[in-house]
There are 2 protein chains.
Amino acid sequence: MVIEILEKGLEAVEDQLASVVRSDISVLEDASLHIVSSGGKRVRPRMVLLGYLAAGGTDIDSVVPLAAAVEMVHTATLVHDDINDHSLTRRGKITVHARWGRTFALLTGDYLFTKVYELMAPYGVEPNIIIADACTKLVEGETLQAAAAKSGSMDRETYKQIISLKTASLFEASGRLGALIAGGDEETVEALAKYAYNLGLTFQIVDDILDIIGDAEAMGKPTGLDISQNRGVAMAQNGGEDVKTAVVELEIEEETDPFKLMMQNLRESGAVEVARFQAEEMSRRARQALAHVPPSEARDELENLIDLVLERDH
Amino acid sequence: MVIEILEKGLEAVEDQLASVVRSDISVLEDASLHIVSSGGKRVRPRMVLLGYLAAGGTDIDSVVPLAAAVEMVHTATLVHDDINDHSLTRRGKITVHARWGRTFALLTGDYLFTKVYELMAPYGVEPNIIIADACTKLVEGETLQAAAAKSGSMDRETYKQIISLKTASLFEASGRLGALIAGGDEETVEALAKYAYNLGLTFQIVDDILDIIGDAEAMGKPTGLDISQNRGVAMAQNGGEDVKTAVVELEIEEETDPFKLMMQNLRESGAVEVARFQAEEMSRRARQALAHVPPSEARDELENLIDLVLERDH
């Protein structure tokens, strides 16, 4: 029952994402549809819809634009990330940057941001304050990550701050807003926000693990990219191995591919196991938060979502 | 009297712009303050404040965040424009792009966009719909301009569409929102929106003229940049001269600087005079619209603003 409502809601989100980017300026529409219709896990809109249902909401259509908006925030940042990372593939397709060039990719990302406003405007003051705050944090997280990559070092504390800002904040906003709009009581709203925040942390740590051990084809994007930007170095340091030193040494031995060896080194350092342990800890916190949400089919689905996030292999 | 209120309001806008970009991520705060505090004509916030006063508003503080928001939209697009245009100077200072590099410039522009949300959120549904629409049009206009530059040709109709989308729409939103929040009656709101829209067209045409004939030092940015991107070509065609052909010929004669000669050619083509004529026509429409606004000191100031926009030399 809840699953059918959820699936119908997610279909409506797809329709909304595709229709809201229509434009007389064909390159904007084409580039937007290219990224918007390229699939993706849709975990943020899922959070909104299930949060809404778990907090007692009964009119799923009322949160479809909101669910589309949080996915749109994420999508806009992907387009801009791919410019900064010089990425060629995303979700198994060519990136907007690679296909339309930097200028149009930059403008497409901006365009998608304006569509977040458009989708959010009808929700009034409080939801817009929450989304604005999450967007600010997201950009701060991306910036902190870029600054760490540039400095060539990242400690554990910074890694945690980055994933909290760039990923968990938008997850939190998704869970909170779904529950708020359902008219959930304060305890339920806070519990769903806390659940979503910790699920976001879990999601990002798993993502960074998959960047190290995942299969590029299944991921639909090159792996090892994030690690080359020092994101994984914090993980490696958790594993007690100084990977950066290893890389420097490897660059001297020119007969080997330093990047491949760094990856292998990282896999063997124990860093992945430490990160895995942390992801499981965050997922436990998400599960604990759910205990403060009244039991329902939707809550069961949110519990299943934890396992899906933990166990995904792409 | 009104002038003092206006000046006080503009000072409050400056304070708001500087305080809203505060961030724990120092590069974001530094880069944002760099562009936000670099002056600029503040013509959009001026539109909001005077529109508010002319429509009978009496609490100027209530529109200061809105006035800051429209300036922030403009500022965010400047930061992204300078990436795409590879510009080194803006308002007489080094650009964010040149100083902090492309990655941080892109993120700073995104950050400033999130601050638009933050500033706008408290205004509720209708103002947010209007701003969202203006932002979308602005990005569409920028994209159309980039597409025209890439195609190497721009007819008069496209030029008009570009300046309407990228400049006049945000002006229109500024005038409309100032008047709306003042609680102005429908005729006054529409008149101020129409005034602002036509003032925006005037402003942009004058800007493009200054790009051809202006002094780079007084402008605080390189001149001729826009023309090199075909923006001025439409003006040239209005002047009846096929400038592009001239450029192609000049590129063959390698002993001359084709860019300088194109500029000179354009200056001599009569295009500037035609554009000037159009700017005056748009300013007349702005003035006519003002006739539907009840007389007041603020309306007088809006009338003065037309002359300032028409007569500025930088």
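Here is a short report on the structure shown in this document. (Residues numbered from 1 in each chain as written. Chains lettered and ligands numbered in written order. Predicted model: local features only at pLDDT ≥ 70, side-chain atom pairs only at ≥ 80, totals over all residues.)

Here the focus is the relation of the copies chain A and chain B. Least-squares fitting of chain A to chain B yields an RMSD of 0.0 Å, with the superposition described by an axial translation of 0.0 Å and a rotation of 180 degrees. Those values place the two copies in the arrangement expected of a two-fold rotation axis. Residue Gly124 of chain A of chain A places its C-alpha closer to the rotation axis than any other residue of that unit, at 2.4 Å. When the interface residues of chain A are mapped onto chain B, 100% of them are again interface residues, pointing to one common binding face. (Least-squares fit on C-alpha atoms with pLDDT ≥ 70 in both. Contact = placed C-beta atoms within 7 Å.)

Here we come to the packing of helix H7 (residues 125–151) of chain A against helix H8 (residues 156–181) of chain A. All names here are of chain A. Contact pair H7 / H8: the axes reach a minimum separation of 8 Å and the direction vectors enclose 165 degrees. Looking at the two axes, H7 sits roughly antiparallel to H8. Considering the relative orientation of H7 and H8, their crossing is left-handed. Across the interface between the two elements, Pro127, Ile130, Ile131, Ala134, Lys137, Leu138, Glu140, Gly141, Glu142, Leu144, Gln145 and Ala148 from H7 touch Thr158, Gln161, Ile162, Leu165, Lys166, Ser169, Leu170, Ala173, Arg176, Leu177 and Leu180 from H8. Its residues assigned to classes, the contact of H7 with H8 shows 13 nonpolar, five polar and five charged. (Axes fitted to C-alpha atoms, helices over the stretch in contact; angles between N-to-C directions. Helix = DSSP H or I, 4+ residues; strand = E, 2+ residues; numbered from the N terminus. Parallel < 35°, antiparallel > 145°, perpendicular 65-115°, else oblique. Left-handed = near helix turned anticlockwise from the far one by under 90°. Nonpolar A, V, L, I, M, F, W, Y, C, P; charged D, E, K, R; others polar.)

Moving on, we come to the nonpolar core. A general feature of soluble globular proteins is that nonpolar side chains tend to end up buried together. Residues Ala69 and Leu192 of chain A together with Ala69 and Leu192 of chain B are the most contacted members of the largest nonpolar core, which totals 202 residues. Residues within four places of Ala69 of chain A in sequence aside, it is in contact with Val116, Leu119, Met120 and Ile131 of chain A. (Core = buried A, V, L, I, M, F, W, Y, C linked by C-beta atoms within 7 Å. Buried ≥ 20, exposed ≤ 12 C-beta atoms within 10 Å, placed from the backbone.)

So, on to helix H1 (residues 2–20) of chain A. If you check H1 of chain A, its first and last C-alpha atoms are 26 Å apart, about what 19 residues at 1.5 Å a residue would give, namely 27 Å. Along its buried surface, H1 of chain A packs onto helix H2 (26–36), helix H3 (43–54), helix H4 (64–84), helix H6 (102–120) and helix H16 (297–311) of chain A. (Expected span 1.5 Å × (residues − 1).)

It is worth spelling out the environment of Leu180 of chain A at this point. Relative to the helices and strands, Leu180 of chain A resides in helix H8. The spacing of Leu180 of chain A and Ile35 of chain A is 145 residues in sequence and 29 Å in space, taken between C-alpha atoms.

It is common to give the size of an interface as the accessible area lost on bringing the parts into contact. Chain A puts 34 residues into the contact, and the matching count from chain B is 34 residues. Elements with a contribution of two residues or more to the side of chain A that touches chain B: H2, H4, H6 and H7 of chain A. No other element matches H7 of chain A, which puts 14 residues into the side of chain A that touches chain B.

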